[in-house]
Amino acid sequence: MGSLAVFDGEDSSFTFDPIDTKTTTISGKAAGYNSETLTLLIDSTRHEINVDAMGDFEKELTDPLSAGTRVSCVVRSKAGNINSVGTTVVKKALPGVPELGNKEEITDLTKTIKILSDEKATAYVKVGNTYYRTSKCEFNEKTGKYLYVIKIERVKAGRTIGIYMENESGVGKMLRVKVQKKAVDETDEDVAATGAGE
């Protein structure tokens, strides 16, 4: 394993910054191990990490890690035993902001919302205090995205609807879409029928 830093008691502490499936750098704080080299275990693979003079460390990853991957740091105790001083588990990242899949703009006549996302999750459309959702989706190999289709009631022009995704880690950021006017008002229909105003 190579030379390990020696654990020197209560003055030492180790913390990882949060790691998820989109993280490309493992970082954190190793107080008491300033300017030393520690051993990082990613599952069973060993890596050396250098702690700077401030006690901070950073390890670049070639690719993000899978959800559930165990990441630990080990040091040697004064008695010569190898001890883990910090462990974390990679969590699934929150969903990214979805894309609108409708070819035409969203209007006060729209009753179907198409949502594009990079992952399988649950899609939501929020209209005021009303929520519509679905987990059913189809994967499009050409775009590399999942398509979700949600039926909604017509929404008045000028209002904003929210579109977002949710997975086991929580809710992602919301896409906000303003509803455009397309429906003809009843008064406009009357004018068109009678020819008034010409």
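Residues numbered from 1 in each chain as written. Predicted model: local features only at pLDDT ≥ 70, side-chain atom pairs only at ≥ 80, totals over all residues. Heavy atoms only, no water.

Draft legend 1. Structural context of the pattern of salt bridges. Applying the stated criterion across every chain, the model contains 4 salt bridges. When the shortest N-O distance is used, the salt bridge between Glu 99 and Lys 145 registers 3.3 Å. Of the two residues, Glu 99 sits in strand β8 (residues 99-100) while Lys 145 sits in strand β13 (residues 145-151), which places them 46 residues apart along the sequence. Of the residues examined, Glu 99 reaches a relative accessible area of 38% and is grouped as partly exposed. On the accessibility criterion, Lys 145 (18% relative accessible area) is buried. With a shortest N-O distance of 2.6 Å, Asp 118 and Lys 145 are connected by a salt bridge. In this pair, Asp 118 sits in the loop between β9 (112-117) and β10 (122-127) while Lys 145 sits in strand β13, placing the two residues 27 residues apart along the sequence. Sharing partners across several salt bridges, the network here consists of Glu 99, Asp 118 and Lys 145. (Salt bridge = Lys/Arg side-chain N within 4 Å of Asp/Glu carboxyl O. Helix = DSSP H or I, 4+ residues; strand = E, 2+ residues; numbered from the N terminus. Buried < 20%, exposed > 50% of the residue type's maximum accessible area, 1.4 Å probe, protein only.)

Draft legend 2. Just the sheet that holds β9, in detail. Within the open sheet, the 4 strands sit side by side as β8-β9-β13-β12. Their pairing is antiparallel. The sheet is open, and its two edges are formed by β8 and β12 (138-140), each paired on a single side. Bridge count between β8 and β9: 2 bridges; the pairing is antiparallel. Each bridged residue has a counterpart across the sheet, and for Leu 100 the counterpart in β9 is Ile 115. (Pairing = 2+ DSSP bridges.)

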